[in-house]
Amino acid sequence: MTAINAVTDFAVEGDVGVVTIDSPPVNALSAEVRDGLAAGVAAAVADPAVTAIVLICAGRTFIAGADISEFGKPPRGMPLAEVQEVIEASPKPVVAAIHGTALGGGLEVALVAHYRVAVGSAKFGLPEVKLGLLPGAGGTQRLPRLVGAKMALDMVTTGKHIGAPAALAAGLIDAIVADLRAGAIAFARDLVATAKPLRKVRDLPVTGVEPGMFDAYRAANARAFRGFDAPEANIKCIEAAATLPFDEGMAVERRLFMGLMTGLQSKAQRYVFFAERLANKIDGLDPNAPLLPVASVGIIGAGTMGGGIAMNFLNAGVPVTIIEMKAEALDRGVATIRRNYENTAAKGRMTAEDVAARMALLTPSLDLDSLSAADLIIEAVFENMGIKQDVFGKLDRIAKPGAILASNTSYLDVDEIATATSRSESVLGLHFFSPANVMRLLEVVRGAKTAPQVLATAMATAKKIGKVAVVAGVCDGFIGNRMLSRRQEQAMALIVEGALPADVDRVLFDFGFPMGPFQMSDLAGLDIGWSAETSKGATIRDRLCEAGLRGQKNGHGFYDYDAQRNRTPSPVAEKIILDYAAEKGVNRRPIDDAEILERCLYPMVNEGAKILAEGVAQRASDIDIVWLNGYGWPVYRGGPMFWADSVGLATVADRLTHYGIEPAPLLTKLAAEGKGFTGAV
Ligand code: 3HC
Ligand code: NAI
């Protein structure tokens, strides 16, 4: 074996040259990997003993893509296109041997090999679209030449991975082997023995092109692609592959790739990729410290949240005991979980056996004592300090020593809840978002006394159940809801001053949110936390509820809803708003879209600055992760803090002052220094 460079080895196995890349963690195409690949293949070509070449990776995966951390930096090493040229032009057949995930530039390297073999567990994808990009190393031109235009369209615009059997069926790979190295070498030898041609993907025709297919695809996916630049650029590339000679298609791909790479959307999406991974890291904590076991979970409350939270653990194969006070509530909660699973099964996304297996892991109980053996207990009862403290007091007596005691509270003080126990070090908040089995965000609320090991275990558990977890400190509403409150205040003020709910919703929808604040209120129910007995008609919300408007649940809220849930602005709600404004002596005025946007979003950024200064969030990017995963902030705008940086903090501070809101000290300071929150813009 010869070392080609620090990350590449070359070995000759009989008559087959094996080039091995070993660059942990994911063999990304760094300058060293690119140089090593080219030099390794060149060495194999030059070696007279070698008749065929295998490209293989050590470690957990084949090349997982370009090295994203190199993007935007001065170029080093051999350009990828030149490396590909060396491979494709090799006079000896090159076989890519794939395990793990061949993604992005990694798959594009495999596509210039003459043949591809993989183990059965390998996955393939061009996920560049998720980074606001397109596969810029010939992926859009070569992929449709192997799998056809339709499948290529799907793969590049969604970034989804496909498994080895599907890849084999589609022609993306040529064989599935059991032992990768031995299988690939045998495959390569066979190519030579049977005198197979050097098959260059670039020379194949694009199959499956149908008239009108690209426009039909655009129309069918308009909703999913709304606001994003990259999906359209990807479609244009596949269209180019289908209609132009290979080299001209490559030129289109290059031009569109550069356009995306230098744009703000891709910068935002690449920032989000790293921000999401950073969020899981806790400052000052050893990432390798041992964790507590979480082999069984108890959940108290089988309502909206308790049921959804339970499903996360059942899906991950963790047994759950769920507690209610009355049999009726317990039965209803369990029935809802079952129905959710059965609905998923009816859509073909789960089998009846899967449903049965998950339900078998669930133990319903009316007795809190059944939680005595649970490793993690999550309370999801009513949002009331007295009730929560009562539950935690009982848990303190019941739970085993070392068990983690968590509250799903939305706003309440986790430290105050912890005082009901004699073990504050075991208590923390686990704030799930509704629907808890769907939403990816989890705010992990660190109490003043929460033990580091408890916190670290919560973060690892979140990952295990597929959540994106962010550490938050104790404060009213933590990170997400605290910022949301600022937006809600402004949205309500705007409709009193002159805007209408539909104006505010439209502006935020056009910004990229899936819905605006008034649609969201209608969806959640206007009467959450409202009661007819105590209502004083003091707010617009009180008056809407008093008039019988409850939101989507009864078809009337800020909007009226028909049977298909289509909405039209409610004249009743509008009259209530106008009467309210008149009564308060407000002289309503026209409010333009720019003011709506600035007043809804800048105060959130301002609150984010306070959250950061107080240490409630560890870092600005964590705040962005909360808003991206919990509240539908458009990913191509990077999150509120990244977005504020892109607007310029001096502008944000000036406009806040203009609207009579005092900019937070941190915002003022960074603006004066010409800096941003994230350092990423
Ligand atoms: N570049 C640089 N670093 C990368 C990377 C990449 N392409 N992919 C992963 N990493 C890093 C992560 O940041 C993480 O670092 P950390 O340990 O310091 O936090 C580490 O590798 C492990 O990553 P994950 O935690 O994500 O590990 P998983 O095992 O959960 O997932 C994966 C592995 C499926 C490979 C996943 O990391 C992934 O999807 N990576 C991105 C793949 C991608 O988008 N490739 C396309 C890049 S763009 C491109 O190729 C352009 C080309 O067309 C020209
Ligand atoms: P819910 O009213 O749907 O469910 C609460 C359940 O707890 C009820 O079924 C009730 O019977 C049960 N319960 C009450 N006291 C109990 C006790 N002592 N022992 C056992 N069961 C008891 O309420 P929801 O919406 O599920 O909220 C629960 C918690 O989650 C609250 O703290 C809420 O603030 C929080 N939360 C709610 C979100 C939402 O969107 N609904 C989002 C995030 C957090």
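Residues numbered from 1 in each chain as written. Chains lettered and ligands numbered in written order. Predicted model: local features only at pLDDT ≥ 70, side-chain atom pairs only at ≥ 80, totals over all residues. Heavy atoms only, no water.

Visitor: Just to check I follow, could you spell out the overall build of the protein for this structure?
Guide: Tallying secondary structure elements over the protein gives 28 helices and 20 strands in all. Taking 681 residues into account, the globule formula puts the C-alpha radius of gyration at 26 Å, and the protein, at 28 Å, falls close to it. By its C-alpha atoms, the protein is 90 × 60 × 55 Å across when sized along the principal axes. In the protein, which comprises 681 residues, the share counted as buried stands at 53%. Long-range contacts, defined as pairs at least 24 residues apart, comprise 72% of the intrachain contacts of the protein with a sequence gap of at least 6. When the accessible area of the protein is evaluated, it comes to approximately 28500 Å², of which 56% is carbon and sulfur surface. (Helix = DSSP H or I, 4+ residues; strand = E, 2+ residues; numbered from the N terminus. Rg over C-alpha atoms; globule rule 2.2 N^0.38 Å. Buried < 20%, exposed > 50% of the residue type's maximum accessible area, 1.4 Å probe, protein only. Contact = heavy atoms within 4.5 Å. Areas by Shrake-Rupley, 256 points an atom, 1.4 Å probe, with all protein chains shown as cover.)

Visitor: Even after reading the chapter, I still don't get the side chain of Arg543, so can you show me in this structure?
Guide: Looking at the secondary structure, you find Arg543 in helix H22 (residues 540-546). Residue class for Arg543 comes out buried when judged on its relative accessible area of 18%. Not counting chain neighbours up to four residues away, the residues in contact with Arg543 comprise Gly537, Ile576, Tyr580 and Glu583.

Visitor: Even after reading the chapter, I still don't get the site of ligand 2, so can you show me in this structure?
Guide: As a matter of local geometry, ligand 2 sits amid 20 residues, with Met305, Glu324, Glu383, Lys388 and Ser410 nearest to it. At 2.9 Å from an oxygen atom of ligand 2 is found a main-chain nitrogen or oxygen belonging to Thr304. Contacts to ligand 2 include Asn408, whose side-chain N or O atom sits 2.9 Å from an oxygen atom. Of all the elements in the fold, those that place two or more residues in the shell around ligand 2 are helix H13 (304-315), helix H16 (385-398) and strand S16 (427-432). Residue classes in the shell around ligand 2 are distributed as nine nonpolar, eight polar and three charged. (Near = heavy atom within 4 Å. Polar contact = N/O pair within 3.5 Å; in protein donor to acceptor, adjacent residues only side chain to side chain. Nonpolar A, V, L, I, M, F, W, Y, C, P; charged D, E, K, R; others polar.)

Visitor: Even after reading the chapter, I still don't get the site of ligand 1, so can you show me in this structure?
Guide: The environment of ligand 1 is made up of 24 residues, and the closest members are Arg60, Ala66, Gly105, Glu108 and Glu128. Interatomic distance of 2.8 Å between a backbone N/O atom of Gly105 and an oxygen atom of ligand 1. For ligand 1, whose unbound accessible area comes to 990 Å², protein coverage reaches 73%. For the shell around ligand 1, the secondary structure elements donating two or more residues are strand S6 (101-103), helix H3 (105-110) and helix H12 (264-279). Class assignment of the residues belonging to the shell around ligand 1 gives a composition of 13 nonpolar, five polar and six charged.

Visitor: Please explain the domain arrangement of the protein as it appears in this structure.
Guide: How big an interface is tends to be stated in terms of accessible area lost as the parts join. Assigned domains of the protein: these are domain 1 (2-261), domain 2 (297-476), domain 3 (499-583) and domain 4 (593-673). Computed from C-alpha coordinates alone, the two centres of domain 1 and domain 3 are separated by 51 Å. (Domains from an automatic or database assignment.)

Visitor: Sorry, what's going on with helix H21 (residues 517-524) here?
Guide: Structurally, the α-helix is built with 3.6 residues per turn, so residues lying three or four positions apart point the same way. Listed in full, the buried residues belonging to H21 are Pro517, Phe518, Gln519, Ser521 and Asp522. Those residues of H21 that are buried lie in contact with helix H19 (480-497), helix H20 (501-511), strand S19 (559-561) and strand S20 (567-569). Two residues or fewer after H21 comes Gly525, characterised by a positive phi angle close to 105°.

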